[in-house]
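Reading the structure
Read off the chains here:
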Amino acid sequence: METKNLTNKIELYEEEIMASKKCPRCGIIANGEEEIEEKFGYRNMGDGREEPIIPQSHCRKCRKEEIELQKIKNKNF
Ligand SMILES: [Zn+2]
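Residues numbered from 1 in each chain as written. Predicted model: local features only at pLDDT ≥ 70, side-chain atom pairs only at ≥ 80, totals over all residues. Heavy atoms only, no water.

Of the protein atoms, only Cys23 (SG), Cys26 (SG), Cys59 (SG) and Cys62 (SG) coordinate the zinc ion, at distances of 2.2 to 2.4 Å. Taken in chain order, the donor set of the zinc ion reads C-x2-C-x32-C-x2-C. With Cys26 in the loop between β1 (20-22) and β2 (29-31) and Cys59 in the loop between α2 (32-39) and α3 (60-76), the pair connects residues that are 33 residues apart, well separated along the chain. The exposure class of Cys26 is partly exposed, given its relative accessible area of 40%. Its relative accessible area of 3% is what places Cys59 among the buried residues. (Donors = N, O, S within 2.8 Å, 3.2 Å for Na, K, Ca; no water. Helix = DSSP H or I, 4+ residues; strand = E, 2+ residues; numbered from the N terminus. Buried < 20%, exposed > 50% of the residue type's maximum accessible area, 1.4 Å probe, protein only.)

Structurally, the position occupied by Asn31 is in strand β2. Linking Asn31 and Ala19, residues 12 residues apart in sequence, is a C-alpha distance of 6.1 Å. Aside from chain neighbours lying at most four places away, what touches Asn31 is Ala19 and Ser20. (Contact = heavy atoms within 4.5 Å.)

The following block contains the structure:
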């Protein structure tokens, strides 16, 4: 029980500082803006507006895998 509570606290803390990102698909963790950019990349709004930078929800590897899966799906259907 105590160990479980401790884990939850750490996860909440990580969410609070917003400087680390975990991929919900493969569980890879990037710490700090540089690693987030390297492993996840940021969304490019591409319209010249000064939006706050939003990290991708999935890491680059998973997004690539998803694109490949979509290609296979599109071929089959
Ligand atoms: Zn991933």
